[in-house]
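One letter stands for each residue in the lines below.
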Amino acid sequence: MDFDELSRHDVRHGEHISEILDELARFQLPPWPDDFMDTVADGIAFVTFAYDIDGVSMEIAKYATSFENLRPGIPIHCIAGNFGDKADAVLAPRWQRFRLDGADGWDKWDDGRWFHQLFYEDLPPDSEQSSELAAEMWDQALALAARLIAYLDAHGIRVLFTVNTNSNPGNVAFGLARVLVAETTGVVVINNNHDFYWEGGKAGCKRNPGEQPGPRDHFFRNHDNEEFFSFFQRIYPWNGRRWVQVNINSVQSRRLIDRFHFHPKAVYTLGTGLDPSFFRSRSEELTQRCRRAMSYVLGGGEVITPTPVDRFADAIGGWMHDQRPVVCAAAEGARLDLLSPDALILLQPTRIVERKRIWKDWELIGALVGHPPFLEALRERPDMTLTLQVTGPVPVEHQECLERVIDAYRSALDAAPP
């Protein structure tokens, strides 16, 4: 089936989309190419929702660099709905960029309008609302697919490396579009999955007695709407003949094989990796230069004057809008010198969201400041400071844990608050 034939379908509800997916699944594509590296010789496209300073973008940069090492001179294309103003810090200047309008995810997908309707509002089966939304998803998917195909054709790209776009439903139309592109053009798809929508989520009817709601339960809001949920579940991820699923842990891989019946030869596990240069010794000069840069990013100078937690809490509404880095302290008058050899820095480089379990780190820090050898070292070096850098608002349910860490530190030193 070619794309022109596909675009002539008149989609009026979710069942129509499922029927089209059935047709695409039956359509016979050629087998995988014998020489994969020849297939990527003309270029490979890395596709995600957005590029910026985040884990997904950094992993994509590693993958792209690896392909360049395997095939020197290979053209790298970065495709997304948005490129943040910090993307230059992650993406190499030589890599080509293509902004695909309408492909960003979550609240940046048309200001969150469709995401909210799909996963936070009731979508009754056989309702006019359900049919209209299915038709909208189809129209958006066709438009996205057409623009993506035009770009791939213009650059001779025959391999897509998609990241999270067909595992975490930040943009259902975009997820459907990539299925349409792959199954009508025959491109090879390496579908890299960092998160699946069912990890930490399930339908309420499937929750055990006493089981608490999960952070991704909203994806199952309309689980009972079969015409919607059947095609939704099918494309996350799509089990295509020229698709290979690459997951970041073995639990995900086993679930695709055992529960969703993906062929074992089409499922792989690729954990997060570190460049060997990360483990090389750094000079004192480089260490100080990095600390100085961090100090300017966090506080605008070499010596930071932290904001008292109480004062920051009173103004958190404004911070949520601007989200500029801020360093907090337990009380007024504290100073932080990251360049000092007596500064002990503990960094948590991730967002404070439930599934990241940041409070576990705080519990470890609490245990650390209660460890006698560590306490003795602190008492012997009164100039040493302990800095816990938290990048985001602390959920109410975990504030008590953080307060216990601070209290333990105060008690241990019998001195002024850190």
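The structure displayed is predicted, hence computed values, not measured ones.

## Comments concerning the sheet that holds strand S9 (residues 267–269)
Next up, step 1: Taken together, the 7 strands give an open sheet; going across it, the order is S5-S3-S1-S6-S7-S8-S9, and neighbouring strands pair in parallel fashion. The strands lining the two open edges of the sheet, one partner per strand, are strand S5 (96–99) and S9. Within the sheet, the average angular offset between the axes of one strand and its neighbour, ignoring direction, is 20°.
Next up, step 2: Note that strand S1 (residues 44–47) and strand S6 (residues 159–163) share 3 bridges and pair parallel. Considered in S6, the bridge of alanine 45 is made with leucine 160.
Next up, step 3: Sheet strands in contact with helix H7 (residues 172–185) are S1, S6, strand S7 (188–193) and strand S8 (243–247), and its direction is about 140° off that of S8.

## Considering unusual backbone geometry
Next up, step 1: A cis amide bond links tyrosine 236 with the next residue in sequence, proline 237, at an omega value of -5°.
Next up, step 2: In this fold, proline 237 is placed in the loop between helix H8 (226–234) and S8.
Next up, step 3: In this structure, aspartate 110 is a non-glycine residue whose phi angle is positive, near 50°.
Next up, step 4: Within the secondary structure, aspartate 110 is located in the loop between S5 and helix H5 (113–119).

## Topic: a nonpolar patch on the surface
Next up, step 1: Taken together, the side chains of Leu274, Phe278 and Phe279 make up a nonpolar region of the molecular surface, amounting to roughly 380 Å² of accessible area.
Next up, step 2: Residue class for phenylalanine 279 comes out exposed when judged on its relative accessible area of 61%.

## Some remarks on a negative patch on the surface
Next up, step 1: Side chains of Glu15, Glu19, Asp126 and Glu226 sit close together on the surface and give a patch of like negative charge.
Next up, step 2: Residue classification places glutamate 226 among the exposed residues on the basis of a relative accessible area of 62%.

## So, the pattern of salt bridges
Pairing of side chains with opposite charge becomes possible as their charged atoms draw close.
Next up, step 1: Under the criterion given, the structure shown has 16 salt bridges.
Next up, step 2: Notably, a salt bridge pairs glutamate 302 with arginine 292, separated by 3.0 Å at the nearest N-O pair. Taken as a pair, glutamate 302 in the loop between helix H10 (284–299) and strand S10 (303–304) and arginine 292 in helix H10 lie far apart in primary sequence, 10 residues in all.
Next up, step 3: You can call glutamate 302 partly exposed: its relative accessible area is 35%.
Next up, step 4: Look at arginine 292 and you get partly exposed, because its relative accessible area is 32%.

## Digging into the pairing of strand S3 (residues 76–80)
In regular strands, side chains alternate between the two faces of the sheet.
Next up, step 1: Among the 5 residues of S3, 5 are classified as buried, and the element is accordingly described as predominantly covered.
Next up, step 2: Burial along S3 is two-sided: the residues Ile76, Cys78 and Ala80 and His77 and Ile79 are all buried.
Next up, step 3: Of the strand pairs in this sheet, S3 and S5 are connected by 4 bridges, and their pairing is parallel. Bridge assignment links cysteine 78 to a residue of S5, and that residue is arginine 97.

## Describing the environment of tyrosine 120
Next up, step 1: Its place among the elements puts tyrosine 120 in the loop between H5 and helix H6 (128–155).
Next up, step 2: Along the primary structure tyrosine 120 and asparagine 222 are separated by 102 residues, whereas in three dimensions their C-alpha atoms are 8.7 Å apart.
Next up, step 3: Ignoring sequence-local partners within four residues, the contact set of tyrosine 120 consists of Phe115, His218 and Arg221.

## Side note on the side chain of glutamate 227
Next up, step 1: On the secondary structure map, glutamate 227 appears in helix H8.
Next up, step 2: Arginine 12 provides the closest opposite charge to the buried, unpaired glutamate 227, separated from it by 12 Å.
Next up, step 3: Of note is the side chain of glutamate 227, whose polar atom sits 3.1 Å from the side chain of serine 130.
Next up, step 4: Not counting the four nearest positions on each side in its chain, glutamate 227 is found in contact with His13, Gly14, Glu15, Ser18, Asp126, Ser130 and Ser131.

## Focus: the nonpolar core
Next up, step 1: Ranked by internal contacts, the top residues of the largest apolar core, which has 64 residues, are Leu21, Trp138, Val172 and Leu180.
Next up, step 2: Mapped onto this core, the elements with two or more residues apiece are helix H1 (3–7), helix H2 (14–26), S1, H5, H6, H7, H8 and helix H9 (250–258).
Next up, step 3: Of all the elements, H6 adds the most residues to this core, at 12 residues.
Next up, step 4: Leaving out residues up to four positions away in the same chain, leucine 21 has contacts with Leu176, Val179, Phe231, Arg234, Ile235 and Trp238.
Next up, step 5: Counting residues in hydrophobic clusters, the runner-up holds 27 residues, among them Ile60, Ala61, Phe67 and Ala92.

## Quick look at the packing of H2 against H7
Next up, step 1: The geometry of H2 relative to H7 is characterised by a closest axis approach of 11 Å and an angle of 30° between their N-to-C directions. Classified by the interaxial angle, the pair formed by H2 and H7 is roughly parallel. The two elements H2 and H7 cross, and the hand of that crossing is left-handed. Contact residues: H2 offers Ile17, Leu21 and Leu24, while H7 offers Leu176, Val179, Leu180, Glu183 and Thr184.
Next up, step 2: Among the residues making up the contact of H2 with H7, the classes are represented as 6 nonpolar, 1 polar and 1 charged.

## A closer look at the packing of aromatic side chains
Next up, step 1: Per the counting criterion, the structure on display carries 25 aromatic pairs.
Next up, step 2: Between the aromatic rings of tyrosine 51 and phenylalanine 83, the centroid separation amounts to 5.2 Å while the plane-to-plane angle is 10°, which identifies the pairing as stacked. Of this pair, tyrosine 51 sits in strand S2 (residues 50–51) while phenylalanine 83 sits in strand S4 (residues 82–83), and the two are 32 residues apart along the sequence.
Next up, step 3: Judged by relative accessible area, phenylalanine 83 falls into the buried class, the value being 18%.
Next up, step 4: Judged by centre distance (6.0 Å) and plane angle (90°), the ring pair of phenylalanine 115 and phenylalanine 219 falls under edge-to-face.

Cut-offs applied
- Each chain carries its own residue numbering, running from 1 in the written order of its sequence.
- Two thresholds apply to this predicted model, a pLDDT of at least 70 for residue-level local features and 80 or more for giving and counting side-chain atom pairs, whereas whole-chain, interface and lining totals are computed over all residues.
- Side-chain measures here rest on the full set of heavy atoms in the structure, leaving out hydrogens and waters.
- Whether two strands pair comes down to DSSP finding at least two bridges between them.
- Only DSSP runs of H or I reaching four residues or more are called helices, and only runs of E reaching two or more are called strands; each is numbered from the N terminus.
- Note on geometry: axes are C-alpha line fits, over the in-contact stretch for helices, and angles between N-to-C directions span 0 to 180 degrees.
- Whether two residues are in contact is decided by their heavy atoms, any of which lying within 4.5 Å being enough.
- The patches reported here contain residues having more than 30% relative accessible area and no salt bridge. Joining distances are 9 Å for like charges and 5 Å for nonpolar side chains (Val, Leu, Ile, Met, Phe, Trp, Tyr).
- In this description, accessible areas are obtained by the Shrake-Rupley approach with a 1.4 Å probe, and a residue is regarded as covered only by the protein chains that are shown.
- We define a salt bridge as a contact between a side-chain nitrogen of Lys or Arg and a carboxyl oxygen of Asp or Glu at a distance within 4 Å.
- We call a residue buried when its accessible area falls under 20% of the maximum for its residue type, exposed when it is over 50%, and partly exposed in between, using a 1.4 Å probe and counting protein chains only.
- Counted as positive: Lys and Arg. Counted as negative: Asp and Glu, with His and the chain ends omitted from the count.
- Charge placement uses NZ in Lys and CZ in Arg. For Asp and Glu, CG and CD serve respectively.
- We call two N or O atoms a polar contact when they sit within 3.5 Å, provided that within protein one can donate a hydrogen and the other can accept it, with sequence-adjacent residues counted only if both atoms are side-chain atoms.
- To qualify as a nonpolar core, a set must consist of buried Ala, Val, Leu, Ile, Met, Phe, Trp, Tyr and Cys residues joined through side-chain atoms within 4.5 Å.
- Throughout, the term roughly parallel applies to angles under 35 degrees, roughly antiparallel to angles over 145, roughly perpendicular to angles from 65 to 115, and oblique to all others.
- We call a crossing left-handed when the near helix sits turned anticlockwise from the far one by less than a right angle, and right-handed when that turn is clockwise.
- Under the scheme applied, nonpolar residues are Ala, Val, Leu, Ile, Met, Phe, Trp, Tyr, Cys and Pro; charged residues are Asp, Glu, Lys and Arg; polar residues are all the others, including Gly.
- Any two rings among Phe, Tyr and Trp, with Trp reduced to its six-membered ring, count as a pair given centres within 6.5 Å; such a pair is stacked if its planes are under 30 degrees apart, edge-to-face if over 60, and tilted if neither.

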